[in-house]
Amino acid sequence: MYYYRYENAEINCCYKYLMFSYNIIFWLAGIAFIAAGFWAWSEKGVLMDLTQVTRVHGFDPVWLVLAVGGITFVLGFAGCVGALRENICLLKFFSGVIGLIFFLELTAAVLVVVFQSQVRAWINEFFLANIKGYRDDIDLQNLIDSVQRMNACCGAQTPQDWNQNVYFSCDENNRSREKCGVPFSCCIQDPADLVMNTQCGYDVRRNQSEWSKHIYTKGCIAALEDWLPRNLYTVAIVFVVISLLQVSKHLLLCEKAQGFISVRTLT
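- If you look the protein up in an unreviewed UniProt entry, it shows as Tetraspanin from Astatotilapia calliptera.

Below, the structure is given as structure tokens:
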């Protein structure tokens, strides 16, 4: 026969409800992310035809939203129920996953520093693959436009990378009105313009000498490389703070888990 007893009468009440309140926010956030992901899929008709999931040639941002939502939901649920019911199994699960996430973050950071050239090449290939699928998915399109506008860049390395998209290609067989152009997010916007001209990138790549007057000429990979050194301390501080929060939660949960002592007796 097995039974459990506490070293103390119970887990500290303040700690228990503080942890419950903290994790219920993540639990609700996980539900919100999952709902947003399925809403995005319903708007694109994916829920009516699941084969559309495999038709996107680039990265579908909805997958990331659903993955983050799923992980957040599971962790939030385990933390809430584990703290409220003082369930040692759920608390250990929660603590273990938090520790694993911290380890993966640390490993990823080290790998990025050690294999910089390989990471740069992978990001370049990833960006080019998504340029090809730019018109295939509205969420991917909005993501690329946001990246280009926020970083004042165009294409992976140069605006000429948009030649790999069938709609913007300069191929003589291309009958698209966007032939030899770039998306509007590549255009240099006049601050005085109240309405964005979505056709500003039409035919712009036909005359390379005029690029700098109308569009951003820096590639987004180079823009990212320029952004990181300027914001290195900010990125490092955010990473350290997140890591310390994860480690502190992990250690606190481990400490509380030791308050449960399993005793075997024979009857």
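Now that the structure has been shown, we can carry on.
**Focus: the overall build of the protein**
- Counting secondary structure elements, the protein contains 8 helices and 2 strands.
- Secondary structure of the protein in N-to-C order comes out as β-α-α-α-α-α-α-α-α-β.
- Out of the 267 residues in the protein, the part that is buried amounts to 32%.
- Restricting the contact set of the protein to residue pairs at least 6 apart, pairs at least 24 apart contribute 70%.

**Some remarks on the environment of Trp41**
- Within the secondary structure, Trp41 is located in helix α1 (residues 13–43).
- Since its relative accessible area comes to 6%, Trp41 is described here as buried.
- Measuring from C-alpha to C-alpha, the distance between Trp41 and Trp63 comes to 9.8 Å, with 22 residues separating the pair along the chain.

**Observations regarding the UniProt feature "transmembrane region" (unreviewed entry) in the protein**
- Under the UniProt annotation, the feature "transmembrane region" (unreviewed entry) is placed at residues 20–41, 61–81, 93–115 and 232–252.
- Here residues 20–41 is 100% helix and 0% strand, with 32 Å between the C-alpha atoms at its ends.
- The span residues 93–115 is 96% helix and 0% strand, and its two end C-alpha atoms sit 32 Å from each other.

**Observations regarding the state of the cysteines**
- As enumerated under the stated definition, the model contains 4 disulfides in all.
- Residue pairing for Cys170: its cysteine sulfur links by disulfide to Cys180, the two sulfurs lying 1.9 Å apart. A residue pair is termed long-range when its members are at least 10 positions apart, and Cys170 in the loop between α5 (138–151) and α6 (211–214) and Cys180 in the loop between α5 and α6 qualify at 10 residues.
- Its relative accessible area of 28% is what places Cys170 among the partly exposed residues.
- What pairs with Cys187 in a disulfide is Cys200, and their sulfur atoms sit 2.1 Å apart.

**Description of the packing of aromatic side chains**
- Taken as a whole, this structure holds 6 aromatic pairs when the rule is applied.
- When the centroid spacing of 6.1 Å and the interplanar angle of 35° are considered together, the rings of Trp27 and Phe73 count as tilted. Residue Trp27 is located in helix α1, and its partner Phe73 is located in helix α2 (residues 61–85); the two are separated by 46 residues in the primary sequence.
- Given a relative accessible area of 26%, Trp27 falls into the partly exposed group.
- Each ring, one from Trp122 and one from Phe126, has its centre 5.4 Å from the other, and the planes form 15°; the classification is stacked. Of this pair, Trp122 and Phe126 are both found in helix α4 (residues 116–132), 4 residues apart, which corresponds to roughly one turn of the helix.
- Judged by its relative accessible area of 35%, Phe126 falls in the partly exposed class.

**Brief notes about unusual backbone geometry**
- One non-glycine residue, Ala152, adopts positive backbone phi at about 50°.
- Within the element layout of this structure, Ala152 appears in the loop between α5 and α6.
- For Ala152, a relative accessible area of 33% corresponds to the partly exposed category.

**Side note on a nonpolar patch on the surface**
- On the surface, a nonpolar cluster with roughly 530 Å² of combined accessible area is contributed by Leu106, Val110, Leu111, Val113, Val114 and Phe115.
- Among the structural elements, Val114 can be located in helix α3 (residues 88–114).

Conventions we followed
- Residues numbered from 1 in each chain as written.
- Predicted model: local features only at pLDDT ≥ 70, side-chain atom pairs only at ≥ 80, totals over all residues.
- Heavy atoms only, no water.
- Helix = DSSP H or I, 4+ residues; strand = E, 2+ residues; numbered from the N terminus.
- Buried < 20%, exposed > 50% of the residue type's maximum accessible area, 1.4 Å probe, protein only.
- Contact = heavy atoms within 4.5 Å.
- UniProt positions renumbered as here; feature names shortened; annotations may be inferred.
- Disulfide = S-S within 2.5 Å.
- Phe/Tyr/Trp six-rings, centres within 6.5 Å; stacked < 30°, edge-to-face > 60°.
- Patch = residues over 30% accessible without salt bridge, like charges linked within 9 Å, V, L, I, M, F, W, Y side chains within 5 Å.
- Areas by Shrake-Rupley, 256 points an atom, 1.4 Å probe, with all protein chains shown as cover.
- Salt bridge = Lys/Arg side-chain N within 4 Å of Asp/Glu carboxyl O.

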